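Coordinates in review
Below are the chains, spelled out letter by letter.
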Amino acid sequence: MSTINKTFLRVLLAIACCIALAFSLLPQAEAAMRADVVTGKVTLNGQVIDNKNAKYPLLTYSNITYFPMTYHLSRFMGVETDWNNAAKSLNITAGGAQSAYVAETGKAQRGSVSVTLPSYKISVNGAPINNREEKYPIFNYNGITYFPLTWAYAVDSFGWSYQWDAENGLRIDTTSAPARVPTEPNTGEALTILNSSYAAGGKYRGMLEGGGKKTSFDAVLTVSSTPDVTTVKFTAEPFPFFDNGVSYFANYYAVKGGLASDEQIGISGNNITSNMCAGLPLASDEQIGISGSSSDVGYPIYAEAAVWAENSYIGKCFLDCQFTGARSKRITDFKRTAAAGSAETWTLTVSYAEDSFTGYTAELSVDTAKSVVTQLVIRTANYTLTMTPA
């Protein structure tokens, strides 16, 4: 072989290697595969699925039925999804609240369809999975995530009832599954930031909405401690939860665990004795402090008492909203509802029995890079309290 030919071959080989390297550095597209539209009978929670007219049909892959995780069907099955945009990850959790069936109809689809393996990270019931290595992987079709109804997931992991026979087809019942057992909240840094903010105290701009009114106010949490007790005082001007000149305080006793214990909430300021006689609902374990002037509080009585009680209760919810140590068990459900960069928002369902009420939801927004609470929104049945650090 001549020297020219050898040089030419070396050049071609070098070009080929460069092309191969360039392709290897390109972002990997989602892997494509085929699935089939289900033609057999499928019954979910007693509802026969009309797959012929479904906008997002049930599919089969390797003889396993997959259901589309649309908003309506997921909630019908009691399955929740949590998308973390910052981490590009999806967490799928069973055992959530269930809702009524809503048919989502569309153009009839049949035969084989192209589906793709997602490139994002996936966890099921909080456990990460290597989806590309799964025998029955989670996949995407028509912009919707599809979940495999395998025995391992449906029965072993979720506790669903699972039956199949030639006459009735596949029958799955999720209604008898055990509710999700509350666990130690895995909220990353959010609760730590909230607890630290509470313990430090500070100023807030507040807005109370409810009862046909909106009230803006300036508020302060003041924290003081002795070897025996830590007292957190909640003052505001105006004080929309009771009357001007009144404040709430919470005592955390060292012998009971300090800030990790159940607080005892009291009321101070103005003469509130007459208001107690007017029907103020008080929990038996409250400590009520009475001090200050002898003027009336202006407490609306009789028919308005129930409305006033919820108005009063939501103010105490703000004073209650910290979850140090064992207090985290008060959180019965939690979900990250937004994430962008270092900003996160979590929705917490909190058990808190007081004034004949049993609990509230708290929407907690934090900046993890700055370790600060950016906003706290507390909701009861008829009231919304928004607290923004000033």
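Remember, it's a predicted structure, so these values are computed and weren't measured experimentally.

Rules used throughout
- For every chain, the first residue of the written sequence is number 1, and numbering continues from 1 along that sequence.
- This being a predicted model, a pLDDT of at least 70 is required before a residue's local features are given, and a value of 80 or more before pairs of side-chain atoms are given or counted; all residues contribute to the totals for chains, interfaces and linings.
- To obtain the side-chain values, all non-hydrogen atoms of the structure were used and water was disregarded.
- The helix and strand labels rest on DSSP assignments: H or I over at least four residues marks a helix, E over at least two residues marks a strand, and numbering proceeds from the N terminus.
- Note on exposure labels: buried denotes an accessible area under 20% of the residue type's maximum, exposed denotes more than 50%, and partly exposed covers the range between, all computed with a 1.4 Å probe on protein chains only.
- Here a residue-residue contact requires only that any non-hydrogen atoms of the pair lie within 4.5 Å.
- Per-residue and other accessible areas follow the Shrake-Rupley method at a 1.4 Å probe size, with only the shown protein chains counted as cover for residues.
- Geometry of aromatic contacts follows a simple scheme: Phe, Tyr and Trp rings, the Trp one being its six-membered ring, pair when their centres are within 6.5 Å, and the pair is stacked under 30 degrees between planes, edge-to-face over 60, tilted otherwise.
- Here, a charge over a ring means that NZ of Lys or CZ of Arg falls within 6 Å of the ring centre while also lying within 35 degrees of the ring normal.
- Grid points spaced at 1 Å and placed over the protein atoms alone form the basis of the search, with a cavity being a set where a 1.4 Å probe fits but cannot get out and a pocket an open set showing protein on both sides within 12 Å along at least five of seven lines. Lining residues have an atom within 4 Å of a point.
- Grid points are joined across faces, edges and corners, and a volume is the space filled by probe spheres set on the points.
- Think of it as three bins: nonpolar holds Ala, Val, Leu, Ile, Met, Phe, Trp, Tyr, Cys and Pro, charged holds Asp, Glu, Lys and Arg, and polar takes everything else, Gly as well.
- Strands qualify as paired when DSSP identifies two bridges or more between them.
- Predictor confidence is given residue by residue as pLDDT, running from a minimum of 0 to a maximum of 100.
- Axis angles are defined between N-to-C directions and span 0 to 180 degrees, where every axis is a line fitted to C-alpha atoms and, for a helix, only to the segment in contact.
- Distance and chemistry together define a polar contact, namely a pair of N or O atoms within 3.5 Å, with one atom able to donate a hydrogen and the other to accept it when in protein, and with adjacent residues in sequence counting only for side-chain atoms on both sides.
- We call a set of buried residues a nonpolar core when its members are Ala, Val, Leu, Ile, Met, Phe, Trp, Tyr or Cys and they connect through side-chain atoms within 4.5 Å of each other.

1. Some remarks on the overall build of the chain
Looking only at helices and strands, the chain has six helices and 24 strands in total. Looking at the chain as a whole, 42% of its 390 residues qualify as buried. Taking as baseline every contact in the chain between residues at least 6 positions apart, the subset at least 24 positions apart corresponds to 53%. Total accessible area on the chain is roughly 20,000 Å²; 55% of this is exposed by carbon and sulfur atoms.

2. Observations regarding the packing of aromatic side chains
Within a pair of aromatic rings, the relevant descriptors are the distance that separates the centres and the angle that separates the planes. A full pass over the atoms with the stated rule returns 25 aromatic pairs. Relative to Phe 241, the ring of Phe 234 has its centre 5.6 Å away and its plane inclined at 45°; by these criteria the two rings are tilted. A relative accessible area of 0% places Phe 241 in the buried class. Judged by centre distance (6.2 Å) and plane angle (85°), the ring pair of Tyr 352 and Tyr 360 falls under edge-to-face. In this structure Tyr 352 comes out as buried when scored by relative accessible area, which is 3%. Residue class for Tyr 360 comes out buried when judged on its relative accessible area of 3%. In textbook terms, an aromatic cluster arises when at least three aromatic residues are bridged by ring pairs, as seen for Tyr 204, Phe 217, Phe 234, Phe 239, Phe 241, Tyr 248 and Phe 318. Its end group placed over the ring of Tyr 248, Lys 316 keeps NZ or CZ at 5.8 Å from the ring centre.

3. A short note on helix H4 (residues 190–200)
Within the sequence span of H4, burial applies to Ala 190, Leu 191, Ile 193, Leu 194, Asn 195, Ser 197 and Tyr 198. Directly after H4, the chain includes Gly 201, whose backbone phi takes a positive value near 75°.

4. Re empty space enclosed by the protein
One pass over the full model with this rule turns up one cavity of 30 Å³ or more. Its volume calculated, the largest cavity comes out at about 70 Å³. When contributions to the lining of the largest cavity are tallied by element, the ones reaching two or more residues are H4 and strand E23 (372–379). It is H4 that contributes the most residues to the lining of the largest cavity, three residues altogether. Tallied by class, residues from the lining of the largest cavity come to seven nonpolar, one polar and no charged.

5. Section: the environment of Val 246
On the secondary structure map, Val 246 appears in the loop between strand E17 (229–237) and strand E18 (247–253). In this structure the C-alpha to C-alpha distance between Val 246 and Gly 269, which are 23 residues apart in sequence, comes to 4.4 Å.

6. Here we look at the sheet that holds strand E13 (residues 161–165)
The strand order across the open sheet formed by four strands is E3-E2-E14-E13, and the pairing between neighbours is mixed. Looking along the sheet, the strands with just one partner apiece sit at the ends: strand E3 (47–48) and E13. One ladder, built from two bridges, connects strand E2 (residues 42–44) with E3; its direction is antiparallel. Following the sheet pairing, Leu 44 is matched in E3 by Gln 47.

7. Some remarks on the environment of Ser 371
Mapped onto the elements of the fold, Ser 371 is located in the loop between strand E22 (357–367) and E23. We classify Ser 371 as partly exposed; its relative accessible area is 47%. In this structure, the C-alpha to C-alpha distance between Ser 371 and Ser 342, residues 29 residues apart in sequence, is 9.4 Å.

8. A closer look at the confidence of the model for the chain
Summary statistics for the chain give a mean pLDDT of 81 and a share of 80% for residues scoring 70 or more. A low-confidence stretch, residues 271–305 stays under pLDDT 50, and its non-local contacts, those more than four residues away or across chains, total 69 contacts.

9. As for the side chain of Thr 70
Summarising the element assignment, Thr 70 is placed in the loop between strand E5 (64–68) and helix H2 (71–77). Accessibility expressed as a relative area gives 4% for Thr 70, which makes it buried. Apart from residues no more than four positions distant in its own chain, Thr 70 is found in contact with Tyr 56, Glu 104 and Ile 144.

10. Notes on the sheet that holds strand E10 (residues 127–129)
Here we have four strands laid out as an open sheet, ordered E6-E7-E9-E10, and mixed in their pairing. Looking at which strands have only one partner, the edges of the open sheet turn out to be strand E6 (79–84) and E10. Pairwise comparison of adjacent strand axes, ignoring direction, gives a mean angle of 25° for this sheet. Here strand E7 (residues 89–94) runs beside strand E9 (residues 121–124); their pairing, made up of four bridges, is parallel. Among the inter-strand pairings, Ile 92 is bridged to a residue of E9, identified as Val 124.

11. Here's the deal with the side chain of Thr 174
With respect to the element layout, Thr 174 can be found in the loop between strand E14 (169–173) and H4. Taking relative accessible area as the criterion, Thr 174 reaches 3% and is therefore assigned buried. At a separation of 3.2 Å, a polar atom in the side chain of Thr 174 contacts the main-chain carbonyl oxygen of Met 77. Setting aside its immediate chain neighbours within four residues, Thr 174 contacts Asn 45, Phe 76, Met 77, Gln 98 and Trp 160.

12. Brief notes about the nonpolar core
Grouped together as the largest cluster of nonpolar side chains are 44 residues, with contacts concentrated most on Tyr 360 and Ile 378. Once residues lying within four places of it in the same chain are set aside, the contact partners of Ile 378 are Ile 314, Cys 317, Phe 318, Cys 321, Tyr 360, Thr 361, Ala 362, Tyr 383, Thr 384 and Leu 385. If you look at the next biggest cluster of nonpolar residues, it comprises 27 residues, including Ala 94, Val 124, Ala 154 and Leu 170.

13. Quick word on unusual backbone geometry
At the junction of Glu 237 and Pro 238, the peptide bond is cis and its omega measures out at -10° in the coordinates. You can see Pro 238 is positioned in the loop between E17 and E18. Here Ser 62, not a glycine, exhibits a phi torsion of approximately 55°, which is positive. As for its placement among the helices and strands, Ser 62 is situated in the loop between strand E4 (59–61) and E5. One non-glycine residue, Asn 63, adopts positive backbone phi at about 70°. By relative accessible area, Asn 63 is classed as exposed at 80%.

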